[in-house]
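An overview of the molecular structure
Here are the chains, one letter per residue:
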Amino acid sequence: MTTDFQTAREALGARLRELRTEAGLEGKDLAGRLGWQSSKVSRLQNGKQTPTREDLSAWARAVERPDVGPELHGLLAGLDMKQRNRSWRKQLAGGHRGRQEIAVRQTESTSLIRGLEVSRVPGLFQTPEYARVIFDANAEFRGIPPTTDDAVEKRMRRQEALYDPEKSFRFLVCEAALYHRPCPVHVMAEQLDRLYNLVGQRRIALGIIPFGAQLRRTAPHAFWIYDRRLVIVETISEELWLTGDEDLALYERAWDWLAESAEYGAPARRLIGRARASLDLS
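Summarised in this report is the structure supplied together with it. Source: prediction; values computed, not measured. (Residues numbered from 1 in each chain as written. Predicted model: local features only at pLDDT ≥ 70, side-chain atom pairs only at ≥ 80, totals over all residues. Heavy atoms only, no water.)

A few points about the packing of helix H1 (residues 4-22) against helix H7 (residues 97-108)
Put simply, H1 and H7 touch, their axes get as near as 9 Å, and they point 135° apart. Relative to H7, the element H1 is oriented oblique. Crossing of H1 over H7 shows right-handed handedness. On H7, the residues touching Asp-4, Thr-7, Glu-10, Ala-11, Ala-14, Arg-15, Glu-18 and Glu-22 of H1 are Arg-97, Glu-101, Ile-102, Arg-105 and Gln-106. Per-class residue counts for the contact of H1 with H7 are three nonpolar, two polar and eight charged. (Axes fitted to C-alpha atoms, helices over the stretch in contact; angles between N-to-C directions. Helix = DSSP H or I, 4+ residues; strand = E, 2+ residues; numbered from the N terminus. Parallel < 35°, antiparallel > 145°, perpendicular 65-115°, else oblique. Left-handed = near helix turned anticlockwise from the far one by under 90°. Contact = heavy atoms within 4.5 Å. Nonpolar A, V, L, I, M, F, W, Y, C, P; charged D, E, K, R; others polar.)

So, the packing of helix H2 (residues 27-34) against helix H4 (residues 53-62)
Contact geometry of H2 with H4 gives a least axis separation of 10 Å together with a crossing angle of 110°. When the interaxial angle is binned, H2 and H4 end up roughly perpendicular. Two packed elements cross with a definite hand, and for H2 against H4 that hand is right-handed. Here H2 contributes Leu-30, Arg-33 and Leu-34 to the contact with H4, which in turn contributes Ala-58, Trp-59 and Ala-62.

Focus on the state of the cysteines
By definition, a disulfide links the sulfur atoms of two cysteines through a covalent bond. Using the criterion set out here, one finds zero disulfides in the structure. A disulfide-free cysteine, Cys-174 has its sulfur positioned 18 Å from the sulfur of Cys-183, the nearest such atom. Of the residues examined, Cys-174 reaches a relative accessible area of 12% and is grouped as buried. We classify Cys-183 as buried; its relative accessible area is 5%. (Disulfide = S-S within 2.5 Å. Buried < 20%, exposed > 50% of the residue type's maximum accessible area, 1.4 Å probe, protein only.)

Remarks on the pattern of salt bridges
What the rule picks out here adds up to 24 salt bridges. Asp-150 serves as the salt-bridge partner of Arg-97, at 2.6 Å between the closest nitrogen and oxygen. Here Arg-97 is found in helix H7, whereas its partner Asp-150 is found in helix H9 (residues 148-158), with 53 residues between them in sequence. Look at Arg-97 and you get buried, because its relative accessible area is 6%. A relative accessible area of 31% means that Asp-150 is categorised as partly exposed. Linking Glu-101 and Arg-157 is a salt bridge whose minimum nitrogen-to-oxygen distance equals 2.9 Å. In this pair, Glu-101 is assigned in helix H7 and Arg-157 in helix H9, connecting sequence segments 56 residues apart. (Salt bridge = Lys/Arg side-chain N within 4 Å of Asp/Glu carboxyl O.)

Rendered as structure tokens:
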């Protein structure tokens, strides 16, 4: 099974390959500029070798993109699986593209994803226009380069996993997420239509936690569980990557308790339909 370390290293390699391609360089041409063997370029961009910070800085200069150095260094820091706290400032220094590539790779290497979203639609279920608004707003908030087109493309590519017969998705969405509107009304309407159509699909268990539900434990924040190996929690300033057995068991219990109060199937569709009907599309 692919490890999280290898997944992150492949994501970094994919970003290096993108930069080389955007510069119009073949692998041997880049190797010549760097004074490296072509095999080293190949190993780095295919995730077969871990680069040093100096390798990444040299790559950025060779493709005439010294501005991406901080982004590449942030992705390199993400290879440290012992690092629980991952600063958004470092991860998103060059925009959303690199982190979205990691999300694609994580999803590809996972059989079961469970998640909770409190106030927005999960990325795996977002429409392109809803995702675009989310990325644009986050870029403005953090003062990072607006690499929105690339980020949306990768988010849509990630969603191909929803149709993989080897994967399952179990998501809980608080009803508030159906009403919190980070986007224009027509974009929200299309987003709710997509959610409505996802309810009941094979391999996707989408539960809505109603406003009036009695909960054994309230939902404190969003989190995602990848198989039984990794929990990712987002805060405003950083991500937490949790891999310890106690952390995994705790978040699994939190997910199970919240799932007891969720509505599925036809009741979930009614909740989504009610939110859709509340929109003023005039």
